[in-house]
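Examination of the molecular architecture
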Amino acid sequence: MKRYLETGNFAITQGAIIAGCRGFFGYPITPATEIAEAMSRLLPQVGGYYVQTEDETAAMHLAVGAALGGMKTMTATSGPGYILYADPYGWAIGCEIPLVVLNSQRVGPVSGITGAPGQGEFYLTRYPTQGGNFETIVLAPNSAQEAFFLTVEAFYLSERFRTPVTILADQLITDGWEDISIPETDEEKEAMGLRFAERKVHPGPEFYPPTDEIDLPPVVLGHNTGALCSDWTPTEEGYDIETVEAQHKHAYRLIYKIRNHMDLISRYETLFLDDDPEIIAVSFGTPSRVVKTAVKKAREKGVKVGMVRPITLWPFPDDLFNKKAIYLSVELNYDGQLVREVQRAAPCDSEVHFFGKCGELPTVAELHDLFDKLLKGEPLKRQGWETEAW
Amino acid sequence: MDYLAEKYLRPRKIPSTACSGCGLGVIQKALVKAIDELGYGVSDIIWGTSIGCAGRQTFATWKGDGFAGTHGRVYAIARGLRLAIPPEKKLVFTVGDGDAFGIGFNHLLHAARTNTQMTIAVCDNLGYQSTGGQFGWTTPSGVKTDSSPYGMFEPNWVRDDMDVLHILREAGATFLARHVSMDGPRLEATFKKALQNNGFSLVHVIYPCTTNFGNNALGTRRAVDIFRWIKERAAPLGEEREGVIWKTGIYYDASNSRPEFSELMREKVGEIHRRYQNEGAS
C-alpha cells in the first residue's frame, strides 16, 4: 500500500489505470482538467493513450470508438462538457459499449462558478441522453479514497453490464487534497474489495438476444466477427429496423439488464436507521460528510436522527427509504433534485424536506438548527421545498 | 447477385433499401470494386456509416465488421477506434454531405489535421433528402428545395473561391478528390488511390436523388433527366466549360507523405512505455 497526500483527481487516475484503462480522451475543463493532465503523463508510461480532442462531444466519441475497438477507456469533465456528452452517451448505451465517464459537478447553470462544488446534475446523469428506454448506473463518491475505489468499480460494472458507468463527483472531491492509500499487491487490492473484469469479445455476428442477462461479451470491432452496431433500433442480428417489436426487445434489455441485478450495483451508507430515527438526513457526495458529522453529534445530544447516503445514485435505491420518518434532503443546489426521489420513495405518511446550498457546504450548526426546527414542526426558512416563498 | 456483392456484401441487405433510381449504389459499387481490385478481403476493412440517406442505406451492407455512428461523429469515433484495432485494418466510410460538411465538419477537420486513416466517400445528394429535401452545404445556387422555396441563395461550399476541398487540404488531408457518380472507371481509379493512402482520404461524389431533389429542384422524378442534369454540370479538371459546377478528378494527392495518427501515437507511446519499463527494471 502506498500513501499519498493528493487530490481526488489523482486518486481517480490511479483507479482507472489499476482497472486497466488504456485510453483517456478529454477536453480541458475546471475542475476535471487535472485528470486529463495526469492521464497524459501516466497513460503512455503503461502503454496507454491520451488524446485531447476538439470538444467534449468528440472526447466521448473517441472514448466510445476506442472501447468499440476493445480498449478500456474513460473520459472526464464537468457540467458544461457533460452536456456535450449527450450524443455519444446515447450511442454507447444503445450499442451497449462499456466505458467510464466522470462528471465533477461545479455550480450552474451554464458556466456558473467554475471553482466551487455543486450538485445540479443528479437527474442529468440518470438521463444523459434523449429518448428514454434505458437505465443507467451512477456512482457518487464522497472522498478521494472512495473516488479511487468507485473508479475501479465503475470499470468492473461497465464490463459486466455492457454500458457506460458514470461517476458523479463534485469540485471538492476532485480538487480536494486528502490522505489516499493506493494498493499495490493483489492481496491489498482484494482486501480493499476491488473487483476487476476483463474485456471479452462478442463472438458475432448476431447482436444481443432479448434478455436481462449480464456478462454477455460486448461488440468489439476488428476481430472479424462480422459484428454490427448502430444508432438505430437493432434486430437481434444487429440490422437496423423500425418496428415496435424490435424496439421493445432492445429497450427491455437496456432497462432490465441493470434493474434486475441491483444486488451487484447497490452501495450505500446508513447511520442509526435501526435506532428509531425521527429524522433521516439524506445526502450524497461532499455534503454527506458534513451531514454525517452533524448526525453523529446530534445523536450524542440525544436527538433521534439517522442518515442515508446513497453511493449508487442510479438506479435509485428505493428500498433505503421504507421507514416512516421526517426526511431531510441536503443538497448542493437550490432547486432540489435528490429530494424529489426521496419524496417518491418514502412512505406516503412521511414528511420530506429540502435544504439546499450551492458553491459552499452546509455547516453542522445549520443542520442542527434544521433538525431542531423539524422536530418542533417549525417551517424551514428560505431554502424551501414546500416552504414559504423566496 | 453479382460477383462483388456475393464476395463482399450481406445478402440480407442487397438489393439495398435505397429508392429506385438512386445513385448511391453506383458509388458503393465503384468503391467495392476498387477494394476488390486492390486485393482486400472482407476482414481487412471495417465499414462505418452515419445518418441520412448515405449512412442508412449502406449500413450493414458490408459483410465484415461494421457500425453506424451518430450524426457527423464517425470521424471522431474513428480516431478512437483506430487506436484500439489492429493497425493493418482499414476504415472505410460512406457518409452524406450533411454529415461531413455540416454537423460533422469540426470533427472532419480534426480527422484531417491528425491524418487519421479513413477513406471517406462523401455521397452527396445535394441536400438533406432523407428528411424530405432541404438544402445543404453543397446545394447548387438557385435550386429550390423544401427549405429554400425561393431558390438557394446562401453561398455553398462548392465554388472556385470557396471550396470545401480547399479547406480540407489546408486542414491537413492527404488525399482529396471530387467526382459525379456517373464517372464509372475514373471514380473506381480514384477510390483505389484513396484506399492506398495510409491517412485521411476523402472522395466527394455527387449523385442523383430521384425522389426529393429531383422532384423539388428539377420538377421530375425521371432518373434519366436527373442523371443528365448532373452530368451536364460536371467535367474533368482541366476540361472545364461554361456552366460546370463539379470539376471532377483528384484535387490533391499527398498520399503517405506524413505519419498517420494511430501510427504516430503507437510510435510515441511505445517509446515512452519502453523507457519507463527499462527505468522500472533498472
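All values reported here derive from a predicted model rather than from experimental measurement. (Residues numbered from 1 in each chain as written. Chains lettered and ligands numbered in written order. Predicted model: local features only at pLDDT ≥ 70, side-chain atom pairs only at ≥ 80, totals over all residues. Heavy atoms only, no water.)

**Notes on the overall build of chain A**
- The number of helices and strands found in chain A is 14 helices and 15 strands.
- Computed over the C-alpha atoms, the radius of gyration of chain A is 21 Å, within 12% of the 21 Å expected from 2.2 N^0.38 for a compact globule of 390 residues.
- A principal-axis box enclosing the C-alpha atoms of chain A has dimensions of 70 × 50 × 40 Å.
- Within chain A, the fraction of its 390 residues that count as buried is 63%.
- A total accessible area of about 14200 Å² is found for chain A, and carbon and sulfur atoms account for 50% of it.
- One finds the centroid of the 35 positive side-chain charges in chain A at a distance of 5 Å from the centroid of its 54 negative side-chain charges. (Helix = DSSP H or I, 4+ residues; strand = E, 2+ residues; numbered from the N terminus. Rg over C-alpha atoms; globule rule 2.2 N^0.38 Å. Buried < 20%, exposed > 50% of the residue type's maximum accessible area, 1.4 Å probe, protein only. Areas by Shrake-Rupley, 256 points an atom, 1.4 Å probe, with all protein chains shown as cover. Lys, Arg positive; Asp, Glu negative; His and termini not counted. Charge placed at Lys NZ, Arg CZ, Asp CG, Glu CD.)

**Concerning the packing of helix α3 (residues 56-68) of chain A against helix α4 (residues 74-84) of chain B**
- Between α3 of chain A and α4 of chain B, the shortest axis-to-axis distance is 6 Å and the interhelical angle comes to 35 degrees. Of the two elements, α3 of chain A crosses α4 of chain B, and the hand of that crossing is right-handed. Listed contacts from α4 of chain B to Ala58, His61, Leu62, Gly65, Ala66 and Leu68 of chain A of α3 of chain A are Ala76, Ile77, Arg79, Gly80, Leu81 and Ala84 of chain B.
- Taken together, the residues of the contact of α3 of chain A with α4 of chain B break down into eight nonpolar, three polar and one charged. (Axes fitted to C-alpha atoms, helices over the stretch in contact; angles between N-to-C directions. Left-handed = near helix turned anticlockwise from the far one by under 90°. Contact = heavy atoms within 4.5 Å. Nonpolar A, V, L, I, M, F, W, Y, C, P; charged D, E, K, R; others polar.)

**Topic: the interface of chain B and chain A**
- Between chain B and chain A, the contact holds 40 residues from the first and 43 residues from the second.
- Roughly 3500 Å² is buried in total at the junction of chain B and chain A, and carbon and sulfur atoms are behind 61% of that figure.
- Three residues stand out in chain B for area buried against chain A, namely Arg56, Phe59 and Asp65 of chain B, and they jointly supply 18% of the buried area on that side.
- Connecting chain B to chain A are five salt bridges.
- The partner of Asp87 of chain A in a salt bridge is Arg73 of chain B, with the nearest N and O atoms 2.8 Å apart.
- Joining chain B to chain A, the criterion identifies 22 residue pairs in polar contact (both at pLDDT 80 or more).
- Here the residues of the side of chain B that touches chain A are counted per class, giving 18 nonpolar, 12 polar and 10 charged. (Buried area = accessible area lost by both parts, 1.4 Å probe. Salt bridge = Lys/Arg side-chain N within 4 Å of Asp/Glu carboxyl O. Polar contact = N/O pair within 3.5 Å; in protein donor to acceptor, adjacent residues only side chain to side chain.)

**Thoughts on the domain arrangement of chain A**
All names here are of chain A.
- By domain assignment, chain A separates into domain 1 (2-191) and domain 2 (269-376).
- A C-alpha centroid distance of 27 Å is found between domain 1 and domain 2.
- Counting residues at the interface gives 28 residues for domain 1, matched by 25 residues for domain 2.
- A combined buried area of about 2100 Å² lies between domain 1 and domain 2, and 58% of that area is made up of carbon and sulfur atoms.
- Scanning the region where domain 1 abuts domain 2 turns up two salt bridges.
- Arg309 is paired through a salt bridge with Glu146; the nearest N and O atoms lie 2.8 Å apart.
- Put simply, domain 1 and domain 2 have 17 residue pairs in polar contact (both at pLDDT 80 or more) between them.
- In terms of residue count, the dominant contributor to the side of domain 1 that touches domain 2 is helix α6 (residues 122-126) (four residues). (Domains from an automatic or database assignment.)

**Points about the sheet that holds strand β2 (residues 23-26) of chain A**
All names here are of chain A.
- Pairing is mixed across the open sheet formed by seven strands, whose spatial order is β3-β2-β4-β5-β7-β6-β13. On the outer flanks of this sheet lie β3 (49-52) and β13 (312-314), each paired with one strand and no other. On average, adjacent strands in this sheet sit at an angle of 25 degrees to one another, irrespective of strand direction.
- Across four bridges, β2 lies against β3 in parallel orientation. From the neighbouring strand, Gly26 faces β3, where its bridge partner is Gln52. (Pairing = 2+ DSSP bridges.)

**A look at helix α8 (residues 185-196) of chain B**
Residues and elements named next belong to chain B.
- The end-to-end C-alpha separation of α8 is 17 Å, in line with the 16 Å expected for 12 residues at 1.5 Å each.
- Within α8, burial applies to Leu187, Glu188, Thr190, Phe191, Ala194 and Leu195. Down the axis, α8 shows its buried residues gathered within 160 degrees of arc, on one side only.
- Next to the buried residues of α8 lie α2 (24-37), β3 (90-96), β4 (118-124), β7 (175-180), β8 (200-206) and β10 (246-253). (Expected span 1.5 Å × (residues − 1). Arc of directions from axis to C-beta.)

**Brief notes about the packing of aromatic side chains**
Residue and element names in this part refer to chain A.
- One pass over the full model with this rule turns up 24 aromatic pairs over all chains.
- Consider the rings of Phe122 and Phe316, whose centres lie 6.4 Å apart with planes at 90 degrees: the pair is edge-to-face. Of this pair, Phe122 sits in helix α6 while Phe316 sits in the loop between β13 and β14 (326-331), and the two are 194 residues apart along the sequence. Summarising the burial analysis for this pair, Phe122 and Phe316 share the class buried. (Phe/Tyr/Trp six-rings, centres within 6.5 Å; stacked < 30°, edge-to-face > 60°.)

**Here's the deal with the pattern of salt bridges**
Residue and element names in this part refer to chain A.
- Overall, the coordinates contain 40 salt bridges over all chains when judged by the stated rule.
- The partner of Glu366 in a salt bridge is Lys357, with the nearest N and O atoms 3.0 Å apart.
- Judged by relative accessible area, which is 27%, Glu366 ranks as partly exposed.
- Looking at Lys357, the relative accessible area reads 10%, which means it is buried.

**Focus: the nonpolar core**
- In this structure, Phe67, Leu108, Ile120, Leu168, Phe200 and Leu202 of chain B are the most contacted members of the largest nonpolar core, which totals 63 residues.
- Broken down by element, the residue count for this core peaks at eight residues, all from α3 of chain A.
- Ignoring any residue separated from it by four or fewer positions in sequence, one finds Ile120 of chain B in contact with Tyr75, Phe93, Val95, Leu108, Phe200, Ser201, Leu202 and Val203 of chain B.
- Formed by 44 residues, the second largest nonpolar core is a distinct cluster that contains Tyr50, Leu150, Leu157 and Val165 of chain A. (Core = buried A, V, L, I, M, F, W, Y, C linked by side-chain atoms within 4.5 Å.)

**Thoughts on the side chain of His204 of chain B**
Residue and element names in this part refer to chain B.
- Mapped onto the elements of the fold, His204 is located in strand β8.
- Only 2.7 Å separates the side chain of His204 from the side chain of Asp124, close enough to count as a polar contact.
- Non-local contacts of His204, meaning those with residues more than four positions away in its chain, are made with Phe101, Val122, Asp124, Thr138, Val158, Leu165, Ala177, Arg178 and His179.

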